[in-house]
Amino acid sequence: EVEQDKSNQLLEEYLNFGGYPRVVLEELLDEKKKIINEIYQSYIEKDIAYLLKIKKTEDFGNLVKVLAGNIGNLVNISEISRTLGIAQKTVRDYLWYLQKTFILNKIMPYFKNIRKEITKAPVFYFHDLGLRNYAIGLFGNINSLQEKGFLFENFIFNILKERTRNTSTGIRFWRTKDGAEVDFVLDVGREQNAVEVKYSFLKKPKITRSFRSFIERYNPKRAFIINLNLEDTLIVNETEVNFLPYFKASRLFVQLS
């Protein structure tokens, strides 16, 4: 219980401040803010101005803000282009640089039935949650459950990304036009494993209609629901659904190997 309380406290800090060592090691909030501000300004005003050879970095900064407010959501390039008043090609170029400079990760949809499932629109996650929070003025001030839910999903994505690095495992997401969705689909060889992320304390194992829909359609051997506390297993059809608390998420990879 004490260990879990400590884990939860560290999780809250990570969701608020991210993982840059200089930020994490600083104890005072004002100092943390000063350091993240330095990192952000240096990146936008020096690195990007130099890389993109642009004097006005305002459009680039605005794009970062738009994406920071949309983690885990479909990103529509033409919509962003209209919102920011910049060309679609420029948006694509900026997105490419954001990925190459380790600010963003892009994941694409998983589909077998191309007509039914939404294709092409990607989802983006941030490498560092502190930088993401700073971009939209929420650094150290994450209070809403919904906001924490998005950040927790991003946090789990970062774990999945790190653990699948240098492997052939792909990470995608699943959405259908009728609104069913699964946060992550891990392609392991010819198998697909669904991963759902829930920022909540669960009293008993419960499966959403979307998750059940994926299981019924693709019959994965295993599926995972990563949450704040519950460890349990259910069998749905022939799929083993494992409920794992986030601090035991590494067990997911033991089971997949």
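Being a predicted model, the structure only gives us computed values, none of them experimental.

Rules used throughout
- Counting restarts for each chain: residues are numbered from 1 in the order of the written sequence.
- For a predicted model such as this one, the threshold for reporting local features is a pLDDT of at least 70, and the threshold for listing and counting side-chain atom pairs is 80 or more; totals across whole chains, interfaces and linings nevertheless cover every residue.
- Excluding hydrogens and water, the side-chain figures rest on all heavy atoms present in the structure.
- The set of buried Ala, Val, Leu, Ile, Met, Phe, Trp, Tyr and Cys residues whose side-chain atoms join them within 4.5 Å is what this entry labels a nonpolar core.
- The classification of residues rests on relative accessible area computed with a 1.4 Å probe and restricted to protein chains. Under 20% of the type maximum is buried, over 50% is exposed, and intermediate values are partly exposed.
- A run of H or I in DSSP counts as a helix once it spans at least four residues, and a run of E counts as a strand once it spans at least two, with each numbered from the N terminus.
- Only strands joined by at least two bridges in the DSSP assignment are considered to pair.
- Definition used for salt bridges: Asp or Glu carboxyl oxygen within 4 Å of a side-chain nitrogen of Lys or Arg.

Novice: Which parts of the structure should I look at to understand the nonpolar core?
Specialist: Where a protein is soluble and globular, its nonpolar side chains tend to be buried together. Core analysis: the largest hydrophobic core is formed by 60 residues, its most contacted members being Leu67 and Phe184. Looking at this core, the element that brings in the most residues is helix H3 (residues 29–52), giving eight residues. Residues Trp174, Val185, Tyr218 and Ile225 belong to the second largest nonpolar core, which totals 18 residues.

Novice: What is the right way to read the pairing of strand S3 (residues 170–175) from this model?
Specialist: As a general feature of sheets, a regular strand has side chains that alternate between the two faces. Pairing of S3 with strand S4 (residues 181–188) involves five bridges; the strand directions are antiparallel. When the sheet's bridge partners are listed, tryptophan 174 is paired in S4 with valine 182. Counting the residues that bridge the hairpin from S3 to S4 gives five residues, and of these glycine 179 lies at a positive phi of roughly 95°.

Novice: Is there a simple way to think about the pattern of salt bridges in this case?
Specialist: As a working rule, side chains carrying opposite charge can pair if their charged atoms are close by. Scanning the model with the defined rule gives eleven salt bridges in all. Its salt-bridge partner being glutamate 12, residue lysine 148 comes within 3.0 Å of it at the nearest N-O pair. Note that lysine 148 is positioned in helix H8 (residues 145–164) and glutamate 12 in helix H1 (residues 2–17), a separation of 136 residues in sequence. Residue classification places lysine 148 among the buried residues on the basis of a relative accessible area of 15%. Here glutamate 162 makes a salt bridge to arginine 165, at a shortest N to O gap of 2.5 Å. A relative accessible area of 46% places glutamate 162 in the partly exposed class.

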